[in-house]
Amino acid sequence: MPRSLPARAARPLALTAVAVAALVAAGLSPLPAFAANDVLGDGTTLYADPHSTTLEAASGLNGEARYDAQLLGSFPSATWLTKGTPAEVQQAASVTATAATAAGQVPTFVVYDLPYRDCSQYSAGGAADTAAYEAWIDGVAAGIGSAKAAIMLEPDGLGIIPWYTTNQNVKEWCQPADADAATAAADRFAQLNYAVDALTALPNTAVYLDGTHSGWLSVGDITDRLVKAGVAKTDGFFLNASNYVTTDRLTKYGTWISDCLALTTSVSWWNAGWCASQYYPADPNDFSTWTATDDKYATDMAGAGLVQDAATQKHFVIDTSRNGQGAWSPPAWNGDIEAWCNPPDRGAGLRPSTSTGNPFIDAYLWIKVPGESDGQCYRGTGGPTDPIRGIEDPAAGQWFPQQARELIASASPAFAPVGCHVAYSATKPLFGVFAGGIAITNLGQAPLKSWTLSWNWAGSEKLVTVVGGVKSQAGDAAAITSSRLTGSVKAGGKTAVAFLAKGASTRVEPWLFRVNGQPCSSD
């Protein structure tokens, strides 16, 4: 997973106003036109997968831990494609893309299978070599096909590059012994360019490259990497994947990257190393100074004959899944405290939305699945216990009930109280036929005058008849709308319906119910 690695930041190369004026005289090319994004447009409905790993985790939990997972799983979060053969990943992508299309929603995919992924650390894995990676990417592209999809291409793929030397001539720490030091970095850029070409060639995708975050690479450094990775062909870049940096800092950081990209790609004499950043003239530890970098970009853009314009510059998306309280300030520690790894008391941030109010920001997304562990955090000790939490953390990607509770309890903005509870029961199927009952409790402060209860079956189950309401079903999405007798439910009151269904092979218990579109807790 992406790390917080604020290694020694390089100061941008100095460029005086006199030098700028002289260079402008050499002539400039205008910014290239940047097409409006019709995948993550304002008001787009993002896909909340009713069969997500979060809701799957909820099905095996009880009490508050179950309700927490149901609440987090009721919001759209990304589907991670991380493994499998080309045929297997094609099938996985197709299942999600098809279901989202049927629901009239747009899924977010994280494509994560580069060779030497995560520099063979906590999220180690990935394709064996370039040929295997390209075949795997072809499988992803075939699975998505013509469906609308937002694609986050390779978190940490640009933040952690094997055997890379930066544009400030600094050698990266990632130096795997079994990688060819002479070609590993060039291979990484070739792999990403292949993926960009394959995924942007699809008719309805919005593709974003790894932009790290403001606690990590300088603006000029990540800009240089983005250019080498083929950002010109993409919709832009994503920030803060699986991390905790606050949205206000990321908004500035992303805007500066967009400005730096404009300067670097549109002005023949510009060098990305000259771009101002969170490290200079701003102080990374004092957010009040970040306006100095804003001012530097205004000066540099004007000096280059450019005007900041979201219609022509690259856009970005922000992972807000766990940034409600910002980055953790750890205690003094002997060794690597791994501040990025399951830090305590972080809260969920802004809910996923394409209505951002900022023309440079296409969406706030939950790229990291909130509630899933970053890994087993030893923090410089021999493990297996996390010395900060006093427990053994789940492996990377596994459900972490304690963290899920913290994300909800410390969320900013706070989650609205859950307004309903559902008690579901059903008989064991006989030749696929089963009967059940559903009781709804109104946990809200206002009465319900009518209601629609909706859920998704696990497979091919289908409602046959309902007592107390009117049934409807499309695919695995089922719903019951209240009748005249069952529609009115006072605050704190209950109502119930019964049903007969068919098509089950085993006892069925839906993972998430909604009343009038809002998520309910359920036993």
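These notes cover the structure that comes with them. (Residues numbered from 1 in each chain as written. Predicted model: local features only at pLDDT ≥ 70, side-chain atom pairs only at ≥ 80, totals over all residues. Heavy atoms only, no water.)

So, about the pattern of salt bridges. Using the criterion set out here, one finds 14 salt bridges in the structure. Glu509 is the partner of Arg66 in a salt bridge, and the nearest nitrogen-oxygen pair spans 3.0 Å. Here the residue Arg66 occupies a position in helix 3 (residues 63-73), and Glu509 occupies one in the loop between strand 14 (494-502) and strand 15 (513-515), the gap between them amounting to 443 residues. The partner of Lys228 in a salt bridge is Asp224, and the shortest N-O contact between them spans 2.9 Å. Of this pair, Lys228 and Asp224 both sit in helix 7 (residues 219-229), four residues apart, which is roughly one turn of that helix. (Salt bridge = Lys/Arg side-chain N within 4 Å of Asp/Glu carboxyl O. Helix = DSSP H or I, 4+ residues; strand = E, 2+ residues; numbered from the N terminus.)

In this structure the tally under the stated criterion is four disulfides. With its sulfur 2.0 Å from that of its partner, Cys260 forms a disulfide with Cys275. Taking the torsion about the S-S bond as the criterion, the Cys260 to Cys275 disulfide, at about 95 degrees, is right-handed. Remark: Cys275 occurs in the loop between helix 8 (247-266) and helix 9 (291-303) and Cys260 occurs in helix 8; sequence separation between them is 15 residues. The pair formed by Cys260 and Cys275 is uniform in burial state, with each residue classed as buried. Put simply, Cys341 and Cys377 are joined by a disulfide, and their sulfur atoms are 2.0 Å apart. Taking the sign of the S-S torsion, about -75 degrees here, the bridge from Cys341 to Cys377 comes out left-handed. In this pair, Cys341 is assigned in the loop between strand 6 (315-319) and strand 7 (361-365) and Cys377 in the loop between strand 7 and helix 10 (401-409), connecting sequence segments 36 residues apart. Grouping residues by exposure puts Cys341 and Cys377 together as buried. (Disulfide = S-S within 2.5 Å. Buried < 20%, exposed > 50% of the residue type's maximum accessible area, 1.4 Å probe, protein only.)

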